[in-house]
Structure formats: C-alpha cells, structure tokens
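# Reading the structure
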Amino acid sequence: MRIGVPKETKTLEGRVALVPEAAGDLVKRGHEVWLESGAGMKSGFADAAYAALGVNIAADAAELYARGEMIVKVKEPIAGDLEHLRSDHLLFCYLHLAAEPALTRQLLDIGLTAIAFETVELPNGELPLLAPMSVIAGRIATQVGTTLLHQPQGGKGVLLGGLPSTSRGKVVVFGAGKAGGGAAALAAAAGASVTVFEMRQDRMDEMMRLGNNVTALYPYQDVIAREVASADLVVGAVLVAGARAPHVMTRDMLRAMEPGSVLVDIAIDQGGCFETSRPTTWKDPTYVEEGVTHFCVTNMPGAVPRTSSQAICAAILPWVAKLAAGPAWRGNDALARGVNVDAGKLVHPALLALPI
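Everything in this summary refers to the structure shown in the same document.

Reading the values: the criteria
- Residues numbered from 1 in each chain as written.
- Predicted model: local features only at pLDDT ≥ 70, side-chain atom pairs only at ≥ 80, totals over all residues.
- Heavy atoms only, no water.
- Axes fitted to C-alpha atoms, helices over the stretch in contact; angles between N-to-C directions.
- Helix = DSSP H or I, 4+ residues; strand = E, 2+ residues; numbered from the N terminus.
- Parallel < 35°, antiparallel > 145°, perpendicular 65-115°, else oblique.
- Left-handed = near helix turned anticlockwise from the far one by under 90°.
- Contact = heavy atoms within 4.5 Å.
- Nonpolar A, V, L, I, M, F, W, Y, C, P; charged D, E, K, R; others polar.
- Phe/Tyr/Trp six-rings, centres within 6.5 Å; stacked < 30°, edge-to-face > 60°.
- Buried < 20%, exposed > 50% of the residue type's maximum accessible area, 1.4 Å probe, protein only.
- Pairing = 2+ DSSP bridges.
- Right-handed = clockwise from strand over helix to strand, strands pointing away.
- Salt bridge = Lys/Arg side-chain N within 4 Å of Asp/Glu carboxyl O.
- Polar contact = N/O pair within 3.5 Å; in protein donor to acceptor, adjacent residues only side chain to side chain.

Take the packing of helix H1 (residues 20–28) against helix H11 (residues 305–324) next. Look at H1 against H11: their axes get within 10 Å of each other, and the N-to-C directions meet at 15 degrees. The angle between H1 and H11 places the two elements in the roughly parallel class. Note on packing geometry: the crossing formed by H1 with H11 is right-handed. Counting all contacts with H1, which are made through Ala-22, Asp-25 and Leu-26, the residues of H11 involved are Cys-313, Leu-317, Val-320 and Ala-321. Tallied by class, the residues present in the contact of H1 with H11 amount to 6 nonpolar, no polar and 1 charged.

For the rest of this paragraph, the subject is the packing of aromatic side chains. This model, assessed by the stated rule, comprises 6 aromatic pairs. Ring plane angle 80 degrees and centroid distance 4.9 Å describe the contact between Tyr-94 and Phe-117, whose orientation is recorded as edge-to-face. Linking Tyr-94 in the loop between strand S5 (90–93) and helix H5 (101–110) with Phe-117 in the loop between strand S6 (113–116) and helix H6 (131–148), this pair joins segments that are 23 residues apart in sequence. Side by side, Tyr-94 and Phe-117 carry an identical accessibility label, which is buried. With a centroid separation of 4.8 Å and 45 degrees between ring planes, the pair formed by Tyr-218 and Tyr-220 is classed as tilted. On the basis of relative accessibility, which here comes to 33%, the residue Tyr-218 falls in the partly exposed class. With a relative accessible area of 52%, Tyr-220 lands in the exposed category. Through pairs of rings, three or more aromatic residues link up here, namely Phe-92, Tyr-94 and Phe-117.

With that settled, the discussion passes to the environment of Pro-219. Among the secondary structure elements, Pro-219 is positioned in the loop between strand S9 (214–217) and helix H9 (221–229). On the basis of relative accessible area, Pro-219 is assigned to the partly exposed category, the value being 23%. Residues contacting Pro-219, with those up to four places away along its chain left out, are Phe-197, Glu-198, Met-199 and Ile-224.

Taken together, 7 strands build an open sheet; the order of strands is S9-S8-S7-S10-S11-S13-S12 and the sheet is mixed. On the outer flanks of this sheet lie S9 and strand S12 (286–289), each paired with one strand and no other. Across the sheet, the mean angle from the axis of one strand to that of its neighbour is 20 degrees, orientation sign disregarded. Across 5 bridges, the pairing between strand S7 (residues 170–174) and strand S8 (residues 193–197) is parallel. Paired with Lys-170 across the strands is Ser-193, a residue of S8. Of the strands in this sheet, S7, S8, S9 and strand S10 (233–236) are in contact with helix H7 (residues 178–189), which crosses S8 at around 165 degrees.

Next up on the list: the pairing of strand S1 (residues 2–5). As paired strands, S1 and strand S2 (residues 32–36) are joined by 4 bridges and run parallel to one another. Residue Ile-3 lies in a different strand from S2, and its bridge partner there is Val-33. A crossover connection joins S1 to the parallel S2 through H1; in handedness this β-α-β unit is right-handed. Pairing between S1 and strand S4 (residues 70–72): 2 bridges, direction parallel. Paired with Gly-4 across the two strands is Ile-71, which belongs to S4.

Counted under the stated rule, the structure contains 19 salt bridges. Two residues, Glu-13 and Arg-15, come together in a salt bridge whose shortest N-O distance is 2.7 Å. Side by side, Glu-13 and Arg-15 carry an identical accessibility label, which is buried. Across the pair Glu-289 and Arg-278 runs a salt bridge, and its minimum N-O distance is 3.1 Å. Separated by 11 residues along the polypeptide, Glu-289 in strand S12 and Arg-278 in the loop between strand S11 (262–265) and S12 bring together distant segments of the chain. Residue Glu-289 is classed as buried on the basis of its relative accessible area, which comes to 18%. The class of Arg-278 is partly exposed, set by a relative accessible area of 40%. One network of salt bridges, in which partners are shared, links Arg-251, Asp-252, Arg-255, Arg-278, Glu-289 and Glu-290.

A few words on the environment of Glu-290. Here Glu-290 lies in the loop between S12 and strand S13 (292–295). Classification of Glu-290 as partly exposed rests on a relative accessible area of 34%. Apart from residues no more than four positions distant in its own chain, Glu-290 is found in contact with Arg-251, Leu-254 and Arg-255. Among the polar contacts made by the side chain of Glu-290, one reaches the side chain of Arg-251 at a distance of 3.0 Å.

An order of S3-S2-S1-S4-S5-S6-S14-S15 is seen for the 8 strands of this open sheet, with the pairing classed as mixed. Every other strand in the sheet has two partners, leaving strand S3 (56–58) and strand S15 (345–346) as the edge strands with one partner each.

The analysis is restricted to geometry; functional conclusions fall outside its scope.
As structure tokens, then:
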C-alpha cells in the first residue's frame, strides 16, 4: 500500500505520525511510504533520515495526498488538508468528531473512510491509541497550570507544593484515567494537596496509592462545588469514548473560586468538560472567565513533539501495518470499532446523533 504522512497544519502543531524508524519498518514490509517534505522537522527528524530508510519525499501536500492511498497523520484535517482528501483515501488519525459537526459533514461529503485513533477500542474497553497522548496531556496540564498560578502570569501567586510555614496548593482533577491520572501524579509528586473525582472504585484506589496527599472522591455535586471553591488549579479529564464530554463544572461553581485560580480542560478536543470552556491554540492559549484563567488548548501534546511523536508512533505502528495489509483489517474488532466514517456514511454509535 502507498502510505502518506503529511505535515501537520494545526497551529503550532509539531508532531509527525511516523518517526523515521517506523516508516522504515513499513518500507521493509513492502509498502511504499511517502512523507511530505519537512513533516518531521519540528519533532527533530530531517527528511534525510527518512530518505535513508527508503521513504519517498513529496515536495508538498498536493503531491503527498496524490501519492497516498492511506493517509496517516496526527490531528484532524483542517482547511488545507481537506482540499486534498479523496473518496478513495483511508484516513487514520485523531478526529474527535463529536465536537466537530462541520468537519464531520465535510468528511461525509468527500466520501472517504476515516478511522479515529481515539475510538480504536480493545475488548476490555482500553483505548490504546489515545493512552500515550492522554498521559502527556495530563502532565502538561499540571506543568502549565503550575506556571499560570505565578503572579506575573496573572495567577494568585501560589507554589503548589508549598513549604514549611506555608499551605500546600490545592489541585482538583476530574477523571482518573490516563490523562487525569497523569495530572494527579505530577501534582502529588510536587507536594500539592490533590483531590481526584472518579466514579470507578478501582481507579479511586489507584489514585489513593499515589500518596498521602491524594484524596479520591465520588463526584457528588455538592462535594464538587465545595472542593472546587477552595482549589488553586482544576484539571478536567473526563472521557466518554467517541462522544462529547459531559460538563462536570458549572459557571456558578467557577464564580466561587478565588481570582487568579486556573482551569485546564484536557477534554476540550471532545467539546470540553467545563461549562465555560472554549477551544484555544498554543498561539493564544488562555482567556479569563469570572476572574479564573482558562487553558483549553486542543492539541496539548503538540508542545512536546519529539516525545509525543515517539510515543504515538510506537502505539499506532502495529495498527498501521494491519490497515496497510489490505481489506482483512475489517475483521479486526478493535479497528472496526474505530471507524467513524465509512465510505461517506457516519457509522460510529457515539456520533449518530450529531447535528450535521
């Protein structure tokens, strides 16, 4: 199969879907791999590193998409990408269509088949292609939130870990999956007082094992309101696979927080889990609502592209190989569950109610 890897076009997105070694493995399996020139540069991978392993270099996006049968990228296609996609393309990337009805309509009109990384699902419910980026996003959420609490950044001037004679900063995390767990673990290691809201008992147990400064609670509304009111940093990491994220925090709850507090919404690529969330970019990442700084960047892992590219590539490569092997991939249950759009038809159950 001819596999095309385009340059990412989302604002300040630096990742590349296949690192040189992975692309080289596909070449050794007999596939023809094409890379758009410069696609790996922001992740530290020069065109020459790909070419040395038998990868073909396309001069621009038009050539790349013309050559490719399967298009493997990181983020969902935007305007510049959509003009090159064809009905015979098999698209494999993050899509997050529940929050993008306009994009969904465009993909349906093109008539292609699109498999979303985030909805490839194993029989036990795990989402193997979402997991690595979720962990990274969780860690970034705590890192960025810590910085935004600095007074020169408009924050309330709190050091999360505290020190003798001071109070610890307080972090509230919604969700104890890969993203929420990553955020909570880093905050706990920094010495903050951490409260994690989660519905599953096994995940609550896991959070409690992070340290004596971590509390895991069931998300009763009154308890949420109380804990959020005294929080310095709130991280949202609630996931319903393939569907729009539910709102777990209202504007009224936000009004009870101290000015200079910070919200980071990791779920923003699925619509956001805070009532006051709206998508931002790394170019203009924050805004203030009710005196509270909001950070809602839709591609958080794109800020660390070398690490992120290596992590996502290791996760997706076996699945890329299955797809490239031919139509037999449709017999793979995990990949079948990952299909969002099939030859111009919307098929994923979580998307069927979209207003498109």
